[in-house]
Amino acid sequence: MPSIWKPPSPGDIVWCWFPERPAAAPGPKPRPALVAAVVSQEDGVVVHVVYGTSQRVDHLKAGEFAIARATHPSAFALAELAFDTKFDFKVALAVPWTDQFFKVAPRAPYGQTPKLGILHPSLMRAAKAAHDA
């Protein structure tokens, strides 16, 4: 089923009911997710999203990078995050761009869409290093 929203772009941070593995159903609570890729298919759009969490942000492992208010104030503001957040490329999934997996972001900074914010260009190297790890 097609989405009611325009597809996101890589680098967008979206509000996602991130699925818990191995289930393909929406997860128990919404969270920020980083859009790594967007693929248009005949039956709709599939979004490759990277798991975001505010837990243990000060303990980064291979495959993770963080956006923290104190160390990256401009990036934190552009991301529109409520808390310091780390993104874990080891937990990345492809999910359909539908209202089953995505909801309107809190405070709706981009209007009535799931888009929460954008990855700041200064963090592209950190994101790429996490992806490559």
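About the cut-offs
- Residues numbered from 1 in each chain as written.
- Predicted model: local features only at pLDDT ≥ 70, side-chain atom pairs only at ≥ 80, totals over all residues.
- Heavy atoms only, no water.
- Core = buried A, V, L, I, M, F, W, Y, C linked by side-chain atoms within 4.5 Å.
- Buried < 20%, exposed > 50% of the residue type's maximum accessible area, 1.4 Å probe, protein only.
- Helix = DSSP H or I, 4+ residues; strand = E, 2+ residues; numbered from the N terminus.
- Contact = heavy atoms within 4.5 Å.
- Pairing = 2+ DSSP bridges.

Enquirer: What am I meant to see in the nonpolar core here?
Expert: Where a protein is soluble and globular, its nonpolar side chains tend to be buried together. Core analysis: the largest hydrophobic core is formed by 18 residues, its most contacted members being Ile13, Leu34, Phe65, Ile67, Leu81, Phe87 and Leu119. Among the secondary structure elements, those contributing two or more residues to this core are strand 1 (12-16), strand 4 (64-67), helix 1 (73-79), strand 5 (85-96) and helix 2 (124-132). In terms of residue count, helix 1 provides more of this core than any other element does, three residues in total. Those residues in contact with Leu81, other than ones at most four positions away along the chain, are Ile13, Pro32, Ile67, Phe76, Arg107 and Leu116. In this structure, Trp5, Val45, Trp97 and Phe101 belong to the second largest nonpolar core, which totals 14 residues.

Enquirer: Can you help me understand the pairing of strand 3 (residues 44-53) in this one?
Expert: A regular strand places its side chains on the two faces of the sheet in alternate fashion. Burial analysis of strand 3 places seven of its 10 residues in the buried class, which makes it a mostly covered element. The pairing of strand 2 (residues 31-41) with strand 3 spans eight bridges and is antiparallel. Looking at the pairing, Leu34 lines up with Val50 of strand 3. Linking two consecutive strands that pair antiparallel, namely strand 2 and strand 3, is a turn of two residues. Inspection of the sheet shows strand 3 paired to strand 5 by eight bridges, in the antiparallel sense. The residue of strand 5 that forms the bridge with His48 is Ala94.

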